Amino acid sequence: MRVSNDYVACETVIKHVDELLMLMSAMTKDDRFEETINELSRKESVTMCEVLDKVEARGRKEGVISVLISLVKDGILSVSEAAKRADMSEENFKQYLKS
């Protein structure tokens, strides 16, 4: 990166995915790493890029749901429309509203 100003991730396969994700969770105090264990532990080979992509995607989805909840609570969006935009059933979306 120092030479070309462009980061190219290595394709090194992580041998101990569970342990690495638990360590990352403890070091960053971010539970998304632990939540990702079940998704990635089934795969044969996992790289760090895959891990971070999964964690980032989950964070984005939570952000979208958070915005939709705010819009519903402000009366700007109906529950059915918000659920549709979140790509989930109304019952599942209502669970988010309760929490």
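A short tour of the structure in this document, coming up. What you see as residue numbers is a count from 1 along each chain, following the sequence as written. Confidence filtering applies because this is a predicted model: local features only for residues at pLDDT of at least 70, side-chain atom pairs given and counted only at 80 or more, and all residues used for totals across whole chains, interfaces and linings. Calculation of side-chain values draws on the structure's entire complement of heavy atoms; hydrogens and water are dropped beforehand.

## Some thoughts on the nonpolar core
What is meant by a nonpolar core is a set of buried Ala, Val, Leu, Ile, Met, Phe, Trp, Tyr and Cys residues, joined one to another through side-chain atoms within 4.5 Å. For each residue, the accessible area found with a 1.4 Å probe, counting protein chains only, is set against the maximum for its type, and the residue is called buried under 20%, exposed over 50%, and partly exposed in between. Counting residues in hydrophobic clusters, the biggest one holds 10 residues: I65, L68, I69, V72, L77, A82, A83, A86, M88 and F93. Of all the secondary-structure elements, those providing two or more residues to this core are α3 (48-73) and α4 (79-85). With sequence-adjacent residues up to four places away left out, M88 is seen in contact with K61, I65, A83, F93 and Y96. Within the second largest apolar cluster, 9 residues are counted, among which are L21, F33, V46 and V51. To qualify as a helix, a DSSP run of H or I must reach at least 4 residues; to qualify as a strand, a run of E must reach at least 2; elements of each kind are numbered from the N terminus. Two residues qualify as a contact provided that any one of their heavy atoms is within 4.5 Å of a heavy atom in the partner residue.

## Looking at the side chain of S25
Position of S25 relative to the elements: it lies in helix α1 (residues 17-28). A 3.5 Å cut-off defines polar contacts: any pair of N or O atoms within that distance qualifies, except that in protein one atom must be a possible hydrogen donor and the other a possible acceptor, and neighbouring residues in sequence count only when both atoms are side-chain atoms. Within polar-contact distance, the side chain of S25 engages the side chain of E34 at 2.9 Å. Aside from chain neighbours lying at most four places away, what touches S25 is D30, D31, F33 and E34.

## Details of α3
A helix's residues, less one, multiplied by 1.5 Å, set its expected span. An ideal rise of 1.5 Å per residue puts 38 Å on 26 residues; α3 measures up with 38 Å between its terminal C-alpha atoms. Within the span of α3, buried status applies to V51, V55, R58, I65, L68, I69 and V72. Directly after α3, the chain includes G75, whose backbone phi takes a positive value near 80°.

## As for the packing of α3 against helix α5 (residues 90-98)
Helix axes use the C-alpha atoms of the stretch in contact, all axes being lines fitted to C-alpha atoms, and the angles between their N-to-C directions lie in the range 0 to 180 degrees. Where α3 meets α5, the axes come as close as 10 Å, and the angle between the chain directions of the two elements is 80°. The angle between the axes of α3 and α5 places the two elements in the roughly perpendicular class. From α3, I65, L68, I69, V72 and K73 reach across to α5, where they touch F93, Y96 and L97. Here the contact of α3 with α5 is built from residues that sort into 7 nonpolar, no polar and 1 charged. With respect to orientation, any angle under 35 degrees is reported as roughly parallel, any angle over 145 as roughly antiparallel, any angle of 65 to 115 as roughly perpendicular, and every other angle as oblique. Basically, the charged four are Asp, Glu, Lys and Arg, the nonpolar ten are Ala, Val, Leu, Ile, Met, Phe, Trp, Tyr, Cys and Pro, and anything else, Gly included, counts as polar.

## Here we look at the pattern of salt bridges
When a carboxyl oxygen of Asp or Glu is within 4 Å of a side-chain nitrogen of Lys or Arg, the pair counts as a salt bridge. Counted by the stated rule, this structure contains 2 salt bridges. The partner of R60 in a salt bridge is E56, with the nearest N and O atoms 2.4 Å apart. Separated by 4 residues within a single helix, R60 and E56 lie in helix α3, roughly one turn from each other.

## Brief notes about unusual backbone geometry
Unlike most non-glycine residues, K29 shows phi in positive territory, near 55°. Along the chain, the position of K29 falls in the loop between α1 and α2 (32-41). Of note in the backbone geometry, D87 takes a positive phi value of approximately 60° without being a glycine. With respect to the helices, strands and loops of the structure, D87 is situated in the loop between α4 and α5.

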